[in-house]
Amino acid sequence: MEVLAPRDEADLEEAIAAAVAEGSTLAVEGEGSKRGLGHAVAARRRLSMAAMRGVSLYEPAELVLTAGAGTPLREIQGLLDQQGQQLAFEPADYGRILGGLAGRGTIGGAIAVNASGPRRIKAGAARDHLLGFRAVSGRGEPFKSGGRVMKNVTGYDLSKLMAGSHGTLGVMSEMTVKVLPKPETEETVVFAGLGDAAAVALMTAASGLPAEVSGFAHLPDGGGRTGLRLEGPAVSVASRRAALLRHFGGEAGVLAEAASRAFWEAVRDVQPLAGRGEQLWRLSVAPADGAATVARLTERGLPIAGRLYDWAGGLVWLAIETGRHGHAIREGLAGHATCIRAPEEVRAAEPVFHPQPPALAALSRRVKQSFDPKRVLNPGRMGEGL
Amino acid sequence: MSLTMPAPEAAILENRGRLVRRLRAILPEESVIAEETAMRAYECDALTMYRQLPLVVALPETAPQVQEVMALAAEMNVKVVPRGAGTSLSGGSLPLGDGILLAMGKFNRILEIDYGNRCARVQPGVANLAISDAVAGRGFYYAPDPSSQIACSIGGNVGENSGGVHCLKYGLTTNNILGLEIVLMGGEIVRLGGKHLDSGGYDLMGLMTGSEGLLGVITEVTVRLLRKPEAARGLLLAFPTVEAGAACVADIIAAGIVPGGLEMMDGPAIRAAEDFQPCGYPTDAASLLICELDGEPSEVDHMAARVSDIARAAGATTVRASQSEDERLGFWAGRKNAFPAVGAIGPDYLCMDGTIPRGRLAEVLAGMSELAEQHGLRVANVFHAGDGNLHPLILYDANRPGDIEKAETFGADILKLCVAVGGVLTGEHGVGVEKRDLMGEMFTEADLDQQQRVKCAFDPEHRLNPGKVFPTLRRCAELGRMHVRGGALPFPDLPRF
């Protein structure tokens, strides 16, 4: 497939306007690390944002950073590291679970799929950290929204719409994100041996305590490990750890610094489920319902090859053996189920994204049309008509 | 009044009698207000310089009633202006003479509190503070705290994406809601989100938040509840210059500290507050910071010590850390009184709401002093320093001819200055009618066209709250037209592989 690689916004505008004029389509990508997400896109050309890279503004004292959409995340994280700062939404790296390499991906890609990690529950999602952007719409017209300040209600908040739109509305050329200080220290209190229901009950209880836990995950393998992450100054972490242990009693292990980081990186990137089952599903549900949701699906005979709970039970990852199970997973589910990985024939046969009720689906199609009426950008990536 | 609203349509005015009768068939007698004296209560919101009697006021109390009113409005081609508690500072719910004012005050119930999932489902007319009050007994609260929180409704908060003094650490409304139920102009009910985080699909909940009542009518909100921090301490820091205060804010953030609240007042605001009700502010200071640290007690003490050191290094002349809850509240007393205090010397004031990159603060305040001199008016500043949100309070006298116009022009100049240094027109009060005609300062025509195309996806006839936010209304058919340029593959220079 022919690849177009715009160097600047003018190039980008030209590429999209030309696609509109000739009635063709574009598959948008950065480093291609998330090509396997969503429905397969049958586009005439590939639009690579890899050349539109570089950090044009970074002011640590103002907590803002502006970068070209094609800037590799590792480059941004390297810069932030030097100043003791981070992207607090912990962008997940799906490289390995999608069968590719780890450590790849751009800021544009992370925002476009709203890739949020374990800290989402406390610090917000990728969408909460996008302060503003410049983009070219599927009409081939450049536009911007938001700004570089923390608090802004001037006009519609199109940043929210662009985050998670998988490149189907416009192609962001540059974006400004909120960055935050890294905590002074971190550790993870690990409770061993809990079943799913008990683990979710513990996480639910912990989330109602003033312990400011910044990650709640349960890994059922090896008898079960339930991790609660504490971040902040050492004195505060120690005191909150003591409070948690007092509250829950029993035995708990503590993972310090590097071990804690490794634990959460594994949860973030769903490493325990890499290579298990043919398919990987991501369920977003009310946190307290996490274990019950899995129990119900097990009863229905779903061939579950592995599971992992994040967000205090609100994010359930399921590895599934084979077959078509979208309907079974979604029936009666109070939440959203997204197929993250499946063979192309499965992704072609059933919706990757959670089907919407008719009025909402129609509204989503009208929103798509308002940005990209000819369906030039990533057509079908998010489903029929999008 | 310098503002032009869309001219009322004669055909709608002629049909008023029939509209009122049809509304009374949908709603109980007392929920349709058509008499002039009773409608006066609705003629303005908190931007009181603009007033307009609505065509009729409708007070639905169920989502199906809202659907029916919307369907009727569509059928009779009548506009609809949604209104919560009427506390908008930007005229977001200013009525239209040919529009139904849809007052949501009867949606006043908390439907469910779910501590296990740390959320509450509430109707849009519930007051912001009422949510926190309802869950306080269990140690929870709803984080965004606009200063009108005792009165403002959660539906209005969603419409305006309201903030407060704790936004840097806890976010705005958009970061603290999980679900919405909305009624579209076509009468459809749509549910967005729920008790779970992050649905797939387009983030229409994020889009709705801050859309100022132009996209849909909110009939239910699911808010996140947070556990109250165990401890909070305040620091009162005074500086001999604005620059030193601003530098201290930057130093605190650069040191990796994100305070729960970080407020700044300039000299005129400090003195106005102290004159209004003495609260121990040093009146010779050029800038005053109130820094609130919250969280686990030992962490709060640790941070308080660090911030005190940073402030001293930045040249603070006063560094006081609260030793009791009373003292902490005392630090806030002057700040919380700042608006009435300025009102007392005004005698009137216009509250502006720009946001700037914090590093440009000293420059913006200096520019503002110059502008004050040019316009012959005084200004006092309170500033959500942590997030760069500036509230200049322009003092004027409504009884002095020409003062209102002068204040408005001065305000517009301040906002233009904010935009010029990389900031924005409004940080939390909304565009409404107040800043509508300044949108071109920040956005190009193409930017605004794209925003209006989004509006067309929700409301193609521009029936919902027209005349707000956008300086010129463009017809959806015109906006949708494609201007195809160039031929096939015209990009000879574009790198390809």
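Residues numbered from 1 in each chain as written. Chains lettered and ligands numbered in written order. Predicted model: local features only at pLDDT ≥ 70, side-chain atom pairs only at ≥ 80, totals over all residues.

Side note on the overall build of chain A
Next, step 1: Of the regular secondary structure elements, chain A holds 13 helices and 18 strands.
Next, step 2: If you line up chain A on its principal axes, its C-alpha atoms span 65 × 50 × 35 Å.
Next, step 3: Looking at chain A as a whole, 60% of its 386 residues are labelled buried.
Next, step 4: In chain A, the proportion of contacts linking residues at least 24 apart, taken out of those at least 6 apart, comes to 71%. (Helix = DSSP H or I, 4+ residues; strand = E, 2+ residues; numbered from the N terminus. Buried ≥ 20, exposed ≤ 12 C-beta atoms within 10 Å, placed from the backbone. Contact = placed C-beta atoms within 7 Å.)

Description of the overall build of chain B
Next, step 1: If you tally the helices and strands in chain B, you get 18 helices and 19 strands.
Next, step 2: In terms of overall dimensions, chain B is globule-like: its C-alpha atoms have a radius of gyration of 24 Å, near the 23 Å expected for 497 residues.
Next, step 3: Its C-alpha atoms put chain B at 70 × 65 × 55 Å along the principal axes.
Next, step 4: Taken over 497 residues, chain B has a buried fraction of 56%.
Next, step 5: Contacts in chain B between residues at least 24 apart in sequence constitute 72% of all its contacts with a sequence separation of at least 6. (Rg over C-alpha atoms; globule rule 2.2 N^0.38 Å.)

Considering the sheet that holds strand 4 (residues 55-59) of chain A
Within a sheet, adjacent strands bond to each other through the backbone by hydrogen bonds, running parallel or antiparallel.
Next, step 1: Read across the open sheet, the five strands follow the order 4-5-9-7-8 (chain A); overall the sheet is antiparallel. Whereas interior strands pair on both sides, the edge strands pair on one side only; in this sheet they are strand 4 and strand 8 (142-146) of chain A. Going across the sheet, the axis of each strand differs from the next one's by a mean of 15°, ignoring polarity.
Next, step 2: Relative to strand 8 of chain A, strand 7 (residues 130-137) of chain A runs antiparallel, the two being bridged by five bridges. Its bridge partner lying in strand 8 of chain A, A135 of chain A is registered against F143 of chain A.
Next, step 3: The strands that helix 17 (residues 445-458) of chain B touches are strand 7 and strand 8 of chain A; relative to strand 8 of chain A, the one it contacts most, it runs at about 75°. (Pairing = 2+ DSSP bridges. Axes fitted to C-alpha atoms, helices over the stretch in contact; angles between N-to-C directions.)

Some remarks on the pairing of strand 17 (residues 315-320) of chain A
All names here are of chain A.
Next, step 1: By the criterion of burial, strand 17 is predominantly enclosed, with five of the six residues buried.
Next, step 2: With six bridges joining them, strand 15 (residues 279-285) and strand 17 adopt antiparallel strand pairing. Residue R282 lies in a different strand from strand 17, and its bridge partner there is W317.
Next, step 3: Between strand 16 (residues 304-310) and strand 17, which pair antiparallel one after the other, the connecting turn spans four residues, and W311 there sits at a positive phi close to 50°.

Quick look at helix 8 (residues 234-248) of chain A
Next, step 1: Compared with an ideal rise of 1.5 Å per residue, which puts 15 residues at 21 Å, helix 8 of chain A spans 21 Å between its outermost C-alpha atoms and is within 8% of the ideal.
Next, step 2: Among the residues making up helix 8 of chain A, those that are buried are S236, V237 and R240 of chain A. Angularly, the buried residues of helix 8 of chain A cover 100° about the axis, an arc narrow enough to put them on a single face. Turned more than 90 degrees from where helix 8 of chain A packs its buried face, A242 and R246 of chain A sit exposed.
Next, step 3: Against strand 11 (185-192) and strand 13 (225-232) of chain A together with strand 14 (287-295) and helix 11 (297-313) of chain B lie the buried residues of helix 8 of chain A.
Next, step 4: In the segment just after helix 8 of chain A, G249 of chain A is the residue with positive phi, at about 60°. (Expected span 1.5 Å × (residues − 1). Arc of directions from axis to C-beta.)

Some details on the confidence of the model for chain B
Next, step 1: Across chain B, the average pLDDT comes to 94, with 97% of residues at or above 70.
Next, step 2: The ipTM for the predicted assembly is 0.97, set against a pTM of 0.96. (pLDDT = per-residue confidence, 0-100.)

Describing the interface of chain B and chain A
The extent of an interface is frequently quoted as the accessible surface area lost upon association of the parts.
Next, step 1: With 89 residues of chain B at the interface, the matching set in chain A holds 88 residues.
Next, step 2: The set of elements that each furnish at least two residues to the side of chain B that touches chain A consists of helix 7 (167-170), helix 8 (204-208), helix 9 (242-254), helix 11, helix 16 (439-442) and helix 17 of chain B.
Next, step 3: In terms of residue count, the dominant contributor to the side of chain B that touches chain A is helix 17 of chain B (eight residues).
Next, step 4: Taken together, the residues of the side of chain B that touches chain A sort by class into 36 nonpolar, 35 polar and 18 charged. (Nonpolar A, V, L, I, M, F, W, Y, C, P; charged D, E, K, R; others polar.)

Structural notes on the nonpolar core
Residue and element names in this part refer to chain B.
Next, step 1: Formed by 262 residues in total, the largest nonpolar core has its most connected members in C248 and I394.
Next, step 2: Looking at this core, the element that brings in the most residues is helix 9, giving eight residues.
Next, step 3: The contacts of C248, once residues within four sequence positions are left out, are L237, F239, L289, I310, A311, A314 and A316. (Core = buried A, V, L, I, M, F, W, Y, C linked by C-beta atoms within 7 Å.)

Describing the sheet that holds strand 1 (residues 32-33) of chain B
Residues and elements named next belong to chain B.
Next, step 1: Read across the sheet, four strands follow the order 1-2-4-3 without closing on themselves; strand pairing throughout is mixed. The open sheet has two edge strands, strand 1 and strand 3 (79-83), and neither has a second partner.
Next, step 2: Looking at chain direction, strand 3 and strand 4 (residues 99-103) are connected through five bridges and run parallel. Residue R83 lies in a different strand from strand 4, and its bridge partner there is A103.
Next, step 3: Against the sheet, helix 2 (residues 16-26) contacts strand 1 and strand 2 (56-58), and its axis sits at roughly 15° relative to strand 2.
Next, step 4: Contacting strand 2, strand 3 and strand 4, helix 4 (residues 63-75) crosses the sheet at an angle of about 170° to strand 4.

Let's talk about the pairing of strand 6 (residues 119-122) of chain B
Residues and elements named next belong to chain B.
Next, step 1: Of the pairings in the sheet, the one linking strand 5 (residues 110-114) to strand 6 comprises four bridges and is antiparallel in character. Across the sheet, residue I110 finds its bridge partner in strand 6, namely V122.
Next, step 2: As paired strands, strand 6 and strand 10 (residues 217-224) are joined by four bridges and run antiparallel to one another. Paired with C119 across the strands is R224, a residue of strand 10.

Thoughts on unusual backbone geometry
Next, step 1: Residue P347 of chain B is bonded to the preceding G346 of chain B through a cis peptide linkage, with omega at 5°.
Next, step 2: One can find P347 of chain B in the loop between helix 13 (338-345) and strand 16 (348-351).
Next, step 3: Located in the positive-phi region is N114 of chain A, a residue other than glycine, with phi close to 50°.
Next, step 4: Here N114 of chain A lies in the loop between helix 3 (107-112) and helix 4 (120-123).
Next, step 5: Located in the positive-phi region is V270 of chain A, a residue other than glycine, with phi close to 55°.
Next, step 6: The class for V270 of chain A is buried, based on 24 C-beta atoms found within 10 Å.

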